[in-house]
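Chain by chain, the residues:
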Amino acid sequence: QVQLVESGGGLVQAGGSLRLSCAASGRTFSSYAMGWFRQAPGKDREFVATITWNGGSTYYADSVKGRFTISRDNAKNMVYLHVNSLKPEDTAVYYCAAGFSSTSARAMIVPSAVEDWGQGTQVTVSS
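Keep in mind it's a predicted model, so treat the numbers as computed, not measured.

Analysis parameters
- Within each chain, residue numbers correspond to sequence positions counted from 1 in written order.
- Reporting in this predicted model follows two pLDDT cut-offs: at least 70 for local features of residues, and 80 or more for side-chain atom pairs to be given and counted; totals over whole chains, interfaces and linings ignore these cut-offs and use all residues.
- To obtain the side-chain values, all non-hydrogen atoms of the structure were included, while hydrogens and water were left out.
- We define the nonpolar core as a collection of buried residues of types Ala, Val, Leu, Ile, Met, Phe, Trp, Tyr and Cys that are connected through side-chain atoms lying within 4.5 Å of one another.
- Exposure classes here rest on a 1.4 Å probe applied to the protein chains alone. A residue is buried below 20% of its type maximum, exposed above 50%, and partly exposed in between.
- Helix and strand definitions here come from DSSP, where helices need a minimum of 4 consecutive H or I residues and strands a minimum of 2 consecutive E residues; each element is numbered from the N-terminal end.
- Contacts were defined at the residue level, with two residues in contact if any of their heavy atoms lie within 4.5 Å.
- Two cysteine sulfur atoms form a disulfide, by the criterion used here, when they sit within 2.5 Å.
- Put simply, a salt bridge is a Lys or Arg side-chain nitrogen that is within 4 Å of an Asp or Glu carboxyl oxygen.
- Paired strands are those between which DSSP finds at least two bridges.

Draft legend 1. Representation of the nonpolar core in the model. Formed by 37 residues in total, the largest nonpolar core has its most connected members in Met34, Trp36, Val79, Leu81 and Tyr94. Counting only elements with at least two residues in this core, the list comes to strand E1 (2–7), strand E3 (18–26), strand E4 (34–39), strand E5 (46–51), strand E7 (68–73), strand E8 (78–83), strand E9 (92–99) and strand E11 (121–126). It is E9 that provides the largest number of residues to this core, a total of five residues. Setting aside anything within four residues of it in sequence, one finds Val79 in contact with Leu20, Ser21, Cys22, Phe29, Met34, Trp36, Ile51, Ile70, Ser71, Arg72 and Cys96.

So this is what it looks like as structure tokens:
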């Protein structure tokens, strides 16, 4: 099991940017894919971005491609999500996620592929 703690959310105007951070402990951090999901009120939790165990490849939902960037620092047990050019429809609770050891970052695009979740950090974008 891995424990995940998110931070960096907040209230921003449309067009603004934030850097979300996720601190991990427990499982060997570099041995599994990491990702971010988000959930808006009344909506299902949805895939945002994932990154391979060594940071070599990244995957993004079409809705955020070109605006969001996921990265990881295995030496610090950290994963980040830079959210740029924010839109009101980006408003949601953003959750850090750790995949199963056998799950690739490419496959970790549904909640069932996630082994461990953080508690979430709120991002609110005003129009």
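Draft legend 2. Examining the state of the cysteines more closely. As enumerated under the stated definition, the model contains one disulfide in all. With a sulfur-sulfur separation of 2.1 Å, Cys22 is cross-linked through a disulfide to Cys96. Between Cys22 and Cys96, the S-S dihedral sits near -85°, and the bridge is therefore left-handed. Pair noted here: Cys22 is in strand E3 and Cys96 is in strand E9, with a separation of 74 residues, a long-range link.

Draft legend 3. Representation of the pattern of salt bridges. Scanning the model with the defined rule gives four salt bridges in all. Between Arg38 and Asp90 there is a salt bridge; the shortest N-O distance is 2.9 Å. Here Asp90 lies in the loop between E8 and E9 and Arg38 lies in strand E4, a separation of 52 residues in the sequence. For the residue pair Arg38 and Asp90, the accessibility class agrees, reading buried in each case. Between Arg67 and Asp90 there is a salt bridge; the shortest N-O distance is 2.7 Å. Taken together, the residues span a long stretch of sequence, with Arg67 in the loop between strand E6 (58–60) and E7 and Asp90 in the loop between E8 and E9 at a distance of 23 residues. Of the residues examined, Arg67 reaches a relative accessible area of 10% and is grouped as buried.

Draft legend 4. Just unusual backbone geometry, in detail. In the Ramachandran plot, Asn77 falls in the positive-phi region, its phi being about 55° despite a non-glycine side chain. Summarising the element assignment, Asn77 is placed in the loop between E7 and E8. Of the residues examined, Asn77 reaches a relative accessible area of 29% and is grouped as partly exposed. Despite not being glycine, Ser85 has its phi angle at roughly 50°, a positive value.

Draft legend 5. Spatial organisation of the pairing of E11. Residues Thr121, Val123 and Val125 point to one face of E11 and are all buried, whereas Gln122, Thr124 and Ser126, pointing to the other face, are not buried. Taken together, the three bridges between E9 and E11 define a ladder with antiparallel strand orientation. Opposite Val93, over in E11, you have Gln122 as the bridge partner.

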